Amino acid sequence: MRRSRAILTVLTTGALTAGALTVLSPAADAASTLGSAAAGQGRYFGTAVSINRLSDATYSSILNREFNSVTAENEMKIDALEPQQNQFNYTTADRLITRANEMGAKVRGHTLAWHSQQPGWMQSMSGTALRNAMKNHITQVMTHYKGKIDSWDVVNEAFDDSNGGRRDSNLQRTGNDWIEDAFKTARAADPAVKLCYNDYNTDNWTWAKTQGVYNMVKDFKARGVPIDCVGFQSHFNSGSPYPSNYRTTLQNFADLGVDVQITELDIEGSGTTQANTYANVVRDCLAVTRCNGITVWGIRDSDSWRASGTPLLFDANGNPKQAYTSTLAALGGSTSSPSPSTSSSASPSPSVSQSSGTRACTATVTVNAWTGGFVTSVKVTAGSAALTGWTTGLTLPAGSAVTNSWSATASGTSGAVSFTNVGYNGTVPAGGTTEFGFQGTGSAPSTTATCTAR
């Protein structure tokens, strides 16, 4: 997933934030929590954890009560663990291992080889030097965590969004065998842990990207390249909705002889529609024998990288939402109504709107920033007429640069930059929304953006 290492998190005005919070009461019945209900089905139900939020009493209470698997949101990514070449820093990530042990929870390792969130020293490398650095990183990290991780996302997001081929990256330019080399290195470092490939926009069986990943896994299995599982990020919104053939996708991958895991689930929306979609995802996983479990990407809506889309199971106050109840029921559990907390929240304000003919759109910007970098999420909303395409624009501060984008095609990397829809999210119904994002280095942009409709 495209997220920032949260050394310092800054949510711009309009992003949901948590205020004064009180601890939720623990649930008493074994089948009244997500983790225990999933365990009863032979699965896990996990969440992404940000270490800097563990001091939040409500966040920690929900984490301890509800989940039996955890994934480090950013603390096990390349820039966090190896900030300088051959100088590894495990201190923060080790805290997650300790917390998981205290909870009796599994740990998913995320992630060993990725084109994004590379430290500066790795970004400047290429060829054999980069390949060897990748292999050394995998070996050192997996050796340190040997016996402590249930499954590793060995390679993350290596396929292009549109054509089913490989994403252009410094790792890809070391040679087309870099992914299998990563998996072989990982197997040598830890023969027991599950080795996964993880990606987004691979949920719909008919999409070229899904087929590209499927063909790679099929090839790996045929040639004996070690791969044990495939992770589906499953970030669903109006531009990339839950597909009716989702179960087919999971089953077809499982039929190749790999486990399937839903690794970064969030579903934008609210009310019954969101609740039904969460329940459908759970039922799809339960219907596929080799679907090990589900991880939601965050706990409360205010903790999400897509906070404005309210995509998670608990609201910003820590209260369970309708989607929580439907998810628990789909797992075979029942609610015991945890006590609510109190908090305050605000909604994003739309930016400048521009129109093209009778069509118009707005772009709402949310920024997650830390020292030296940022991730920006942009929600595009159609006006009273449906869109057939859109372009948003904003200006980066001096010295800042775009390093990666998703669900949009970027034009320019510094100064005035723009982003245009890709094939699957250009059509937006009247009043509907779609979302894209980008990552960068330097200071974060402001929340002012233009939107031009087509």
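In this text the structure is predicted, and so the values were computed from the model without any measurement.

(A) Summary view of unusual backbone geometry. With an omega of 0°, the peptide bond running from His 110 to Thr 111 counts as cis. Along the chain, Thr 111 falls in strand β3 (residues 106-114). One non-glycine residue, Ser 234, lies in positive phi territory at about 55°. Tracing the backbone shows Ser 234 in the loop between β6 (229-232) and β7 (235-236).

(B) Inspection of the packing of aromatic side chains at higher detail. Under the criterion given, the structure shown has 17 aromatic pairs. Judged by centre distance (6.0 Å) and plane angle (80°), the rings of Phe 159 and Tyr 197 are edge-to-face. Highlighted residues: Phe 159 in the loop between β4 (151-156) and α7 (178-189) and Tyr 197 in strand β5 (residues 194-199), separated in sequence by 38 residues. A centroid spacing of 5.1 Å and a plane angle of 85° characterise the contact between Phe 232 and Phe 253, whose relative ring orientation is edge-to-face. Within this pair, whereas Phe 232 is found in strand β6, its partner Phe 253 is found in helix α9 (residues 246-254), the two being separated by 21 residues in sequence. Neither residue differs from the other here; Phe 232 and Phe 253 are each classed as buried.

(C) Region of interest: the packing of helix α10 (residues 271-287) against helix α11 (residues 322-330). Interhelical geometry of α10 versus α11 gives an angle of 25° and a closest axis separation of 8 Å. Here α10 is positioned roughly parallel relative to α11, judged by the angle of their axes. Regarding α10 and α11, the two cross each other, and that crossing is right-handed. Contacts from Gly 271, Thr 272, Gln 274, Ala 275, Tyr 278, Ala 279, Val 282, Arg 283 and Leu 286 of α10 reach α11 at Gln 322, Ala 323, Ser 326, Thr 327 and Ala 330. Of the residues assigned to the contact of α10 with α11, the class counts are seven nonpolar, six polar and one charged.

(D) Representation of the sheet that holds strand β13 (residues 390-395) in the model. The strand order across the open sheet built from four strands is β15-β16-β13-β18, with neighbouring strands paired in antiparallel fashion. Each edge of the sheet is formed by a strand with only one pairing partner; in this case those strands are β15 (409-411) and β18 (450-453). If you compare each strand with its neighbour and ignore which way they point, the axes differ by 20° on average. Bridging between β13 and β18 involves four bridges; their strand directions are antiparallel. Within β18, the position partnered with Thr 391 by the bridge is Thr 452.

(E) Region of the structure containing α7. The terminal C-alpha atoms of α7, which comprises twelve residues, lie 16 Å apart, in line with the 16 Å expected from a rise of 1.5 Å per residue. When you tally the buried positions in α7, you get nine out of twelve residues, the bulk of the element. Within α7, burial applies to Trp 178, Ile 179, Glu 180, Asp 181, Ala 182, Phe 183, Thr 185, Ala 186 and Ala 189. For α7, the secondary structure elements touched by its buried residues are β3, α6 (127-144), β4, β5 and α8 (208-223).

(F) Just α9, in detail. Of all the positions in α9, only Tyr 246, Thr 249, Leu 250, Phe 253 and Ala 254 are classed as buried. Down the axis of α9, the smallest arc covering the buried residues is 130°, so these residues share one side. Along its buried surface, α9 packs onto α8, β6, β7, β8 (259-267) and α10.

(G) Spotlight on the pattern of salt bridges. One pass over the full model with this rule turns up 23 salt bridges. Between Asp 168 and Arg 173 there is a salt bridge; the shortest N-O distance is 2.9 Å. Judged by relative accessible area, Asp 168 falls into the exposed class, the value being 57%. Between Asp 303 and Arg 300 there is a salt bridge, with its nearest N and O atoms 2.9 Å apart. Like Asp 303, the residue Arg 300 is buried in the burial classification. Where salt bridges share partners, they join Arg 53, Asp 56, Glu 73, Arg 300 and Asp 303 into one cluster.

(H) Spotlight on the state of the cysteines. Summed over all chains, the structure comprises three disulfides. Here Cys 285 pairs with Cys 291 through a disulfide, and the sulfurs are 2.1 Å apart. A torsion of -100° about the S-S bond marks the disulfide between Cys 285 and Cys 291 as left-handed. Of the two residues examined, Cys 285 and Cys 291, each falls in the buried class. Of note for the protein chain: the bonded cysteines, numbered N- to C-terminal, pair according to 1-2, 3-4, 5-6.

Basis of the calculations
- Residues numbered from 1 in each chain as written.
- Predicted model: local features only at pLDDT ≥ 70, side-chain atom pairs only at ≥ 80, totals over all residues.
- Heavy atoms only, no water.
- Helix = DSSP H or I, 4+ residues; strand = E, 2+ residues; numbered from the N terminus.
- Phe/Tyr/Trp six-rings, centres within 6.5 Å; stacked < 30°, edge-to-face > 60°.
- Buried < 20%, exposed > 50% of the residue type's maximum accessible area, 1.4 Å probe, protein only.
- Axes fitted to C-alpha atoms, helices over the stretch in contact; angles between N-to-C directions.
- Parallel < 35°, antiparallel > 145°, perpendicular 65-115°, else oblique.
- Left-handed = near helix turned anticlockwise from the far one by under 90°.
- Contact = heavy atoms within 4.5 Å.
- Nonpolar A, V, L, I, M, F, W, Y, C, P; charged D, E, K, R; others polar.
- Pairing = 2+ DSSP bridges.
- Expected span 1.5 Å × (residues − 1).
- Arc of directions from axis to C-beta.
- Salt bridge = Lys/Arg side-chain N within 4 Å of Asp/Glu carboxyl O.
- Disulfide = S-S within 2.5 Å.

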